[in-house]
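Chain residues, written in single-letter form:
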Amino acid sequence: MRKALITVAIILAALLAAAGIATIAYTYSEDHRAEIFPEGTSINGVDCSGMNYDEASEALTDEWNSKHIQVVGQLGETLEDFTDFGCSYDLRDSLSSVRHDNFVPSALNHYFHIPFDASIVMKVASRGSDFESRVRASDFLNREGVTETRDAYVDLNRPDFPIIQEVYGTKADPDAFMDDLIHAIAAGQFRFVYDENAYRSAPKVKQDDPGLIRYRKFCLEYLNQKITYKLGSESFTITAEELSGLMKDDLSGKADEDAVSKFVTELKKKYDISGGEVHFHSLTGRTFKVNRGDYIWVIDPDGESVQLTSDINSHKDVDREPVYLQKGAGTYSKELNIGDTYVDIDLSRQHVSFFKEGKQKYESDCVTGCIAAGHGTPTGIYSLGNKSRNITLKGGGKKGSKTYYESFVNYWMAFIGNSIGLHDASWRSSFGGEIYKYSGSHGCVNLPPSKAGDLYKVIDIGTPVIVHY
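Residues numbered from 1 in each chain as written. Predicted model: local features only at pLDDT ≥ 70, side-chain atom pairs only at ≥ 80, totals over all residues. Heavy atoms only, no water.

(A) Just the packing of aromatic side chains, in detail. For the structure on display, the rule yields 21 aromatic pairs. Plain terms: the ring middles of Phe 280 and Phe 288 are 5.7 Å apart, the flat faces sit at 35° to each other, and that makes the pair tilted. For Phe 288, a relative accessible area of 6% gives the class buried. Through successive ring pairs, a cluster of aromatic residues spans Phe 140, Phe 177, Phe 192, Tyr 194 and Tyr 199. The ring of Trp 64 has Lys 67 lying over it, and the distance from NZ or CZ to the ring centre is 5.2 Å. Note that Lys 451 overlies the ring of Tyr 362, its terminal NZ or CZ placed 5.4 Å from the centroid. (Phe/Tyr/Trp six-rings, centres within 6.5 Å; stacked < 30°, edge-to-face > 60°. Buried < 20%, exposed > 50% of the residue type's maximum accessible area, 1.4 Å probe, protein only. Lys NZ or Arg CZ within 6 Å of the ring centre and 35° of its normal.)

(B) Representation of the nonpolar core within the structure. Counting 44 residues, the largest nonpolar core has Leu 223, Tyr 229, Ile 238, Leu 246, Phe 280, Leu 308 and Ile 312 as its most contacted members. Those elements that place two or more of their residues in this core are helix H9 (210-222), strand S11 (227-231), helix H10 (240-245), helix H11 (257-271), strand S13 (277-281), strand S14 (287-291) and helix H12 (301-314). Counting residues per element, this core draws most heavily on H11, at six residues. Apart from residues no more than four positions distant in its own chain, Phe 280 is found in contact with Arg 286, Thr 287, Phe 288, Val 290, Leu 336, Ile 338, Tyr 342 and Ile 466. Phe 85, Val 135, Leu 141 and Tyr 194 belong to the second-largest nonpolar core, a separate cluster that totals 36 residues. (Core = buried A, V, L, I, M, F, W, Y, C linked by side-chain atoms within 4.5 Å. Helix = DSSP H or I, 4+ residues; strand = E, 2+ residues; numbered from the N terminus. Contact = heavy atoms within 4.5 Å.)

(C) Up close: H12. Helix length check: H12 (14 residues) gives 20 Å between terminal C-alpha atoms against 20 Å at 1.5 Å per residue, within 8%. Of the residues making up H12, those classed as buried are Gly 303, Glu 304, Ser 305, Leu 308, Thr 309, Asp 311 and Ile 312. You can read the cap of H12 off the contacts: a side-chain oxygen lies 3.2 Å from the backbone nitrogen of Asp 302, and it is on Asp 300. Backbone geometry just downstream of H12 places His 315 in the positive-phi region, at approximately 60°. (Expected span 1.5 Å × (residues − 1). Polar contact = N/O pair within 3.5 Å; in protein donor to acceptor, adjacent residues only side chain to side chain.)

(D) Local environment of the pairing of strand S3 (residues 69-72). Both S3 and strand S4 (residues 78-82) contribute to a ladder of four bridges, which runs antiparallel. From the neighbouring strand, Val 72 faces S4, where its bridge partner is Thr 78. Hairpin connection, S3 to S4: the antiparallel pair is bridged by five residues, and Gly 76 has positive phi, about 90°. Where S3 lies against strand S10 (residues 191-193), three bridges are found, and the strand directions are parallel. Paired with Gln 70 across the bridge in S10 is Arg 191. (Pairing = 2+ DSSP bridges.)

(E) Spotlight on helix H3 (residues 53-65). If you check H3, its first and last C-alpha atoms are 18 Å apart, about what 13 residues at 1.5 Å a residue would give, namely 18 Å. All of the buried residues in H3 are Tyr 53, Ala 56, Ser 57, Ala 59, Leu 60, Thr 61, Trp 64 and Asn 65. N-cap assignment for H3: the residue whose side-chain oxygen lies 3.2 Å from the backbone N of Asp 54 is Asn 52.

This is the structure:
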């Protein structure tokens, strides 16, 4: 018996010695250093024989994403069964360490072709968006009648700025659940016990929070200020919440210049009115497209930022227009509401009409800028800039040139700078028709001498003038 035991011991010692020698020799083999898994290699139950790291990673990804993870309740009832995870996995480091971490089985596999199965964690690099959407939409995460957890907060919609108490909700936190589910998939645990209570989140801010109490004091001191913008018939007041965001975080009540600059940028996006054509419905009964001309409003970003900063720091109520870089004629209006008092110059019909409070007070044929000479009267919406009696109009180049002119007029009504306007033209014997196409003015609107004075008497500085075809 003793002899048999000695024999067994010798055999075991020989085997161990052989394994040790094989293991040491394996460290110097090409197989140990290669990125190819030898025959008989399984990883997480997937046969990776002859595969390099990328191929093995792809095979493991396909296998893992096709598995099922069953979510069960506390009593073992099935809540959901998910598959098609669509995840990507970061496996290269784990795959490269498979043979190092399983050194002896790898050596035995190398020399004696003994199969071995290694286990690695399936580290998730990115989640499948469709899979995550399905999880978040699950019935057990979205039960009816549950309440959301809510932090205590200051109600900025009420002038006394009360602190509203926190709420301990009964709704599960889907973010926390999703994180745990992904960890279970990575670890290869495909039966997940769901405890609803474990995923109820507690409020982070409670009503006795010192920071919240300090914030309410700040609100009471600074956020009752009213800063109101007037834009024509429109007006709006900066809300308490917006005002808070325009002040520094240190609760000093001082304006945050970066926040003010961003606010003004958004103000410009919403309220700037640039050029371009708009539809206009004239009291003459015509509807046409016309360029806005002088009726554009552009807020000055620097000037408005400086003014708003000053307003905030004053802590006084303010009621004003924005600071404009360009302020259009008439009244601000997105819808181009120039009112019911204006001059209508119809270039195609060569006709001038004047409406006051919706009623036509004047009309006359006219002659506008000469098309053939390239002096067509500019279309657009303008306003009467000035009006004068008994002046001499000069232009057309240098004095003495063929194009130079000096024309005495009794009535001058300018609407584009001081260069284009309505005036009497005693040198003309006829008006209207198609005269303007070949023998028109240098851009002005010529009126019969007998009619110009009548218009001069009824229009005022600032009256809108709309020029169109």
